[in-house]
Amino acid sequence: MYDYDLLVVGSANADLVIAVERRPGAGETVLGSDLAVHPGGKGANQAVAAARLGARTALLARVGDDAHGRLLLDSQREAGVDTVGVLVGGAPTGVALITVDPSGDNSIVVSPGANGRLTPEDVRAAGCLFQGSKVVSAQLEIPLETVVEAVRNLAPGSRFVLNPSPPRPLPSQVLAACDPLIVNEHEAKVILGDSAVGDTPEDWARILLAKGPRSVVVTLGGQGALVASSEGVSRVPAVKVDAVDTTGAGDSFTAALAWRLGAGESLAEAAAYAVRVGAATVTKEGAQASFPTAAEVAAQ
């Protein structure tokens, strides 16, 4: 019935990465490693991560007519992603400036570029992609009105997964479509705003759930994840690994979760698999280059 297991609607960036001994404070200059350029962006990352795991994946995004755009298209195609929905032109390709410290933690500044020109009209023009996709995944590195239009274009019976990153308040129409809404601690607190009551992820999940999503997942880094739905709240334990670079871990987690939900797994089952995928991701440098295959996840 479906042509794709997953349609990702989102951003595509060139990641410009520098390793540093420590990230600079205000007004401070620190020396770093040689500059490395990798294909990235939360949307493009999710598409590659899902395809690498074996999902039939399509990407709806916009890149510039430039070298960074060609890098991103090549990376998608190499992973097996259908790029029929990747539009070219309108602005330079988006760029993410990333510093990574020795512990693997990162700081990121994004110049949206062409991502900011992915419009609701582009979504409507891609109606066949939506009609042919079992699950649709989105993030917030593209305009919010474009995400709203993606919700409006969901096929009957398809599932919508949202990682609201970078976080911002969400309209009720989007929240009501999320199944699940996937947040980390920072994203949860921004979306909760004045509703933030309690100090535990369980508290955040319950309050988020009351705002309208059909289900909620809170990612907890080295502590695993937490899933919440009308059936209750439960923890998903972490997989212990030595982290090298956390870049892209959240994207691979979301992609794996979305794919496994579309395959019929329960939220807890899909989250347990996604935790393993995220753990495998942080053991390698870079974003897309670090995403594991299904065989690599099975070998953990």
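Quick caveat: nothing in here was measured; it's all calculated off a predicted structure.

(A) Here's a closer look at the overall build of the protein chain. A count of helices and strands for the protein chain gives eleven helices and 13 strands. For 300 residues, the compact-globule estimate of 2.2 N^0.38 gives 19 Å, and the protein chain sits close to it at 18 Å. Along the longest, intermediate and shortest principal axes, the C-alpha atoms of the protein chain span 50 × 45 × 40 Å. Counting the 300 residues in the protein chain, one finds 54% classified as buried.

(B) Focus on the packing of aromatic side chains. Per the counting criterion, the structure on display carries one aromatic pair. Ring centres 6.3 Å apart and planes at 65 degrees place the aromatic pair W259 and Y273 in the edge-to-face group. One end of the pair, W259, is in helix α9 (residues 249–262); the other, Y273, is in helix α10 (residues 267–281), with 14 residues separating them in the sequence. Looking at W259, the relative accessible area reads 14%, which means it is buried. A residue is classified by how much of its surface remains accessible, and Y273, at 15% relative accessible area, is buried. Cation over ring: R260 sits above W259, and NZ or CZ is 4.4 Å from the ring centre. When the ring centre of Y273 is taken as origin, the NZ or CZ atom of R260, which lies over that ring, is 5.8 Å away.

(C) Examining helix α5 (residues 144–152) more closely. Within α5, seven of the nine residues are buried, leaving the element largely enclosed by the surrounding structure. Of the surrounding secondary structure, the elements contacted by the buried residues of α5 are α3 (120–125), α4 (127–131), β8 (133–139), β9 (159–163) and α6 (172–177).

(D) Highlighting the pairing of strand β11 (residues 215–219). Of all five residues that make up β11, four are buried, and the element is covered over most of its length. Here three bridges tie strand β10 (residues 178–183) to β11, and the two strands are oriented parallel to one another. What sits directly across from V183, in β11, is V218. The sheet contact formed by β11 and strand β12 (residues 225–229) spans five bridges and is antiparallel. In the sheet register, V218 faces β12, and the bridge partner there is L226. The hairpin turn running from β11 into β12, its antiparallel successor, is five residues long, and G221 in that turn takes a positive phi close to 60 degrees.

(E) Representation of the packing of helix α1 (residues 42–53) against helix α2 (residues 67–79) within the structure. Put simply, α1 and α2 touch, their axes get as near as 9 Å, and they point 20 degrees apart. On the basis of their axis angle, the class for α1 and α2 is roughly parallel. In the crossing of α1 with α2, the sense of the turn from one axis to the other is left-handed. Contact residues: A44, A47, V48, A51 and R52 in α1; L72, S75, Q76 and A79 in α2. Split by residue class, the contact of α1 with α2 holds six nonpolar, two polar and one charged.

(F) Here's a closer look at the sheet that holds β12. With mixed pairing, nine strands are arranged side by side in an open sheet as β5-β4-β1-β8-β9-β10-β11-β12-β13. Two strands bound the open sheet, and with one partner strand each, they are β5 (86–88) and β13 (232–236). Sheet twist, expressed as the average angle between the axes of neighbouring strands with direction ignored, equals 15 degrees. Relative to strand β4 (residues 57–63), strand β1 (residues 4–9) is paired through four bridges, and the arrangement is parallel. By the bridge assignment for β4, L6 is matched with T57. Helix-sheet contacts for α9 involve β1, β8, β9, β10, β11 and β12, and the interaxial angle to β10 is about 160 degrees.

(G) Broad picture of the sheet that holds strand β3 (residues 36–40). Spatially, four strands are ordered β3-β2-β6-β7 in an open sheet, and the strand pairing comes out mixed. Of all strands in the sheet, those with a lone pairing partner are β3 and β7 (106–111), marking the two edges. Taking each pair of neighbouring strands and ignoring which way they run, the sheet shows an average axis angle of 25 degrees. Note that strand β6 (residues 94–100) and β7 share six bridges and pair antiparallel. Across the sheet, T99 pairs through a bridge with S107, a residue of β7.

Rules behind the numbers
- Residues numbered from 1 in each chain as written.
- Predicted model: local features only at pLDDT ≥ 70, side-chain atom pairs only at ≥ 80, totals over all residues.
- Heavy atoms only, no water.
- Helix = DSSP H or I, 4+ residues; strand = E, 2+ residues; numbered from the N terminus.
- Rg over C-alpha atoms; globule rule 2.2 N^0.38 Å.
- Buried < 20%, exposed > 50% of the residue type's maximum accessible area, 1.4 Å probe, protein only.
- Phe/Tyr/Trp six-rings, centres within 6.5 Å; stacked < 30°, edge-to-face > 60°.
- Lys NZ or Arg CZ within 6 Å of the ring centre and 35° of its normal.
- Contact = heavy atoms within 4.5 Å.
- Pairing = 2+ DSSP bridges.
- Axes fitted to C-alpha atoms, helices over the stretch in contact; angles between N-to-C directions.
- Parallel < 35°, antiparallel > 145°, perpendicular 65-115°, else oblique.
- Left-handed = near helix turned anticlockwise from the far one by under 90°.
- Nonpolar A, V, L, I, M, F, W, Y, C, P; charged D, E, K, R; others polar.

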